Each structure stands twice: as structure tokens, then as C-alpha cells.
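Per-entry structural report
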Amino acid sequence: NHTLLTDFVLSGLSSRPELQHLLFFTICLVYSMTLFGNLLICMVTVHPTLHMPMYFFLRVLSFLDISTASVVVPKMLVNLLAEDRSISYTGCVTQLYCVVFLAATEWYLLAAMAYDRYVAVCSPLRYAAIMNTRVCLSLVLLSCCSGNVVSVVQTAWVFTLSFCGRRSINYYFCDIPPLVTLSCTDTSLYEKQIISATVLVILTPFCLILLSYACIISSILKISSAESRHKTFSTCSSHLTVVTLYCASGTLIYLQPKSSNSQDTKKILALVYTTVIPTLNPLIYSLRNKEVKEVLIRVM
């Protein structure tokens, strides 16, 4: 007979008591920067002079980053100082659904943003006609719907597994790899399914992003101005760095959900895409943009 679980216990980032307060203040600072930076972008990009598809996508990206960090970080901060680190079964299901939904939606949105940049650079005269308001809204809605489908399927799969009364999760939030590791049933079929989902959600958009930027770079090489080439290359390299970091951390975690790799390593990788990248996105995608900085200075 299997024990009916009513809650789980999250072990947190570290089991060493002397690190708890240091981790709390460090992560609290990073989370504050994430909120401030992304809220700033959300407010600035509604300015009339930034009424372009690129800034609309940036606003949605900032909202997703705020949501991703807020789903994970507050509970993690509480657990760093509290003795009771339990999370209810319903809370665990909800947290997993939200994390997967937001991560998958963000990947599809990044692919849409790469396509937007491709059209802007390679077909500038047709840009306004191609990337009209209806197309932009459709791309965002398609990203959200795709993320929702992926999240519902993954969450349903995970919580059909039997945990046999085991409730201690060696992680700081409810995610697929630690929950699969916790299962006492055969998960080989699920591991094949999660590999397919990783290819669909992470690697396919990543390849589309690389293809878009390859076409962009090809067009850049035809620009006669060395200064314009350098500026565009700098922007593209920054975007690709963040996307590659996001892709690497995601694939290393989800391609082998029940591997023998250190769980502490997976915690660090998960920390990258739930905490670090949401802080970097405003700096990389927005605050290095001359038009955004000019509007920000006027607003301030």
C-alpha cells in the first residue's frame, strides 16, 4: 500500500547552517534587482516613442521573468530561514505547473523575438507590414498556449508517478528532475518522454533562434559602415550569450532527469534560469538599447 502524500519537504539550496543567512541576503539582492530591472522595462516600453513590436516583446519577456522569479524565489527565501520547509501537495503541483509554463512560454517568445529581429534587419521596408499588431499578439498568444499545453502534460505525467510515502525533495523548488528521482516506480518511459519535450521546448526554438541570427549576421556583413556592423554584432552576441546560457542550463537538467549527476550541480543550473537570467535580461535586451536609455533618462 502506498501512503497518500499531503505535503513535501524541500531541502533547499544548502544544508550547511552557516551559509543560510549569506544565501538569503545574496538571493534577496538578486531578486530585488530582477524586480526593479524588469518593472522598469515594463514601465519604460509603454512610452509612445517605443511603440514598436520589439519593445512589446521585451515588455512580455520582462513580465515572464518577474513571474518566473516570483514563483520560485520567495518560497526559497522563506525556507532559508525557517525550520519548517514543507510545501503542500497542491502547492507543489501549482509551482511545477507555473515553472514549466513560464519557461516554455519564454522559449517560444525568444524564438518570436529572434524572428522579429530577422524581419527588421533582412526586410526593413516590409517590417511594419509583416510585424503588425495582430501578428505580434498572435505570436505571444501562441507562445502562451504552447507553454500551457507543455506544462499541463508534464505536470500530469509527473504526478501520476508513485512516491511511496517519500516526501523529502533534495531541491529548493518543485521541479521535474527531483520529483522523478523521488519516485519508487519505473520512470524509463517518462524519461524518454521528457527528452522529447526538451527537444521540442528548448532545442527546437534554440535552433530557430540560431538560424534567425545567422541570417541577420549575413545581412550585417553587407553593411558598409564599420560602426553599424560593430554595434549590431555586439547586440547579437549579447542576445546569443543569454540564450545559450539558458539553453545549456535547461538541457543539462532535463535531458537526464534521473541521471547520476550531482543534485547540487542541478540546483546551481536551475538557479541560473530561475534567478540569474531574469536579472540579466533587462541589461542585455533593453538597457543597452540607446532608445530605451534615452526614454529612461527622460522618465527619470
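Please refer to the structure higher up on the page.
To start, this report covers the structure provided alongside it. (Residues numbered from 1 in each chain as written. Predicted model: local features only at pLDDT ≥ 70, side-chain atom pairs only at ≥ 80, totals over all residues. Heavy atoms only, no water.)

1. Things to note about the sheet that holds strand β2 (residues 86–88)
Note on sheets: strands pair through backbone hydrogen bonds, and any given pair is parallel or antiparallel. Applicable threshold: By definition, two strands form a pair when at least two bridges between them are found by DSSP. Helix and strand assignments follow DSSP, with helices taken as H or I runs no shorter than four residues and strands as E runs no shorter than two, numbered in order from the N terminus. Note on contacts: a residue pair qualifies if any of its non-hydrogen atoms lie within 4.5 Å across the two residues. Angles shown run from 0 to 180 degrees and are taken between the N-to-C directions of axes, each axis being a line fitted to C-alpha atoms and, for helices, limited to the stretch in contact.
One open sheet accounts for 3 strands, arranged β2-β1-β3; its pairing is mixed. Only two strands of the sheet have a single partner each, and these edge strands are β2 and β3 (168–169). Sheet strands touched by helix α3 (residues 89–122): β1 (7–10), β2 and β3. Its angle to β2, the strand with the most contacts, is close to 80°.

2. Here's the deal with the environment of Phe57
What counts is decided by this rule: Three labels apply to residues, based on accessible area from a 1.4 Å probe with only protein chains included: buried if under 20% of the type maximum, exposed if over 50%, partly exposed otherwise in between.
When you line up the elements, Phe57 lands in helix α2 (residues 53–81). Residue class for Phe57 comes out buried when judged on its relative accessible area of 1%. Setting aside residues up to four positions removed in sequence, Phe57 forms contacts with Leu109, Ala112, Met113, Asp116, Met131, Cys136, Leu139 and Val140.

3. Here we look at the pattern of salt bridges
Filter applied, for reference: Basic side-chain nitrogens of Lys or Arg form a salt bridge, by our definition, when they fall within 4 Å of a carboxyl oxygen of Asp or Glu.
Applying the stated rule across the entire model yields 1 salt bridge. With a closest N to O distance of 3.1 Å, Asp116 and Arg117 form a salt bridge. In this structure, Asp116 and Arg117 share a single accessibility class: buried.

4. Digging into the side chain of Asn38
Put simply, the rule reads: Between N or O atoms, a polar contact is any pair within 3.5 Å; within protein, one atom must be a potential hydrogen donor and the other a potential acceptor, and residues adjacent in sequence are included only when both atoms are from side chains.
Turning to its location among the elements, Asn38 is positioned in helix α1 (residues 20–44). Among the residues examined, Asn38 registers a relative accessible area of 0% and is labelled buried. A polar side-chain atom of Asn38 sits 2.8 Å from the main-chain carbonyl oxygen of Thr34. Setting aside residues no more than four positions away along its own chain, Asn38 makes contact with Ser62, Asp65, Ile66, Pro278 and Pro282.

5. Structural notes on empty space enclosed by the protein
Rules: Of the two site types, the cavity is a set of points on a 1 Å grid over the protein atoms alone where a 1.4 Å probe fits but cannot get out, and the pocket is an open set with protein on both sides within 12 Å along at least five of seven lines, each lined by residues with an atom within 4 Å of a point. Grid points are joined across faces, edges and corners, and a volume is the space filled by probe spheres set on the points. Asp, Glu, Lys and Arg are counted as charged, while Ala, Val, Leu, Ile, Met, Phe, Trp, Tyr, Cys and Pro are counted as nonpolar; the rest, among them Gly, fall into the polar class.
According to the stated counting rule, one finds 3 cavities of 30 Å³ or more in the structure shown. Here the largest cavity defines a volume of roughly 210 Å³. Val100, Ala103, Val201, Ile202 and Tyr254 are, among the 16 residues lining the largest cavity, the residues nearest its centre. No other element matches the 5 residues that helix α7 (residues 188–220) contributes to the lining of the largest cavity. Within the lining of the largest cavity, the residues separate by chemical class into 13 nonpolar, 3 polar and no charged.

6. Structural notes on the environment of Pro282
Summarising the element assignment, Pro282 is placed in helix α9 (residues 263–286). Through-space distance from the C-alpha of Pro282 to that of Leu58 is 8.5 Å; in sequence the pair is 224 residues apart.

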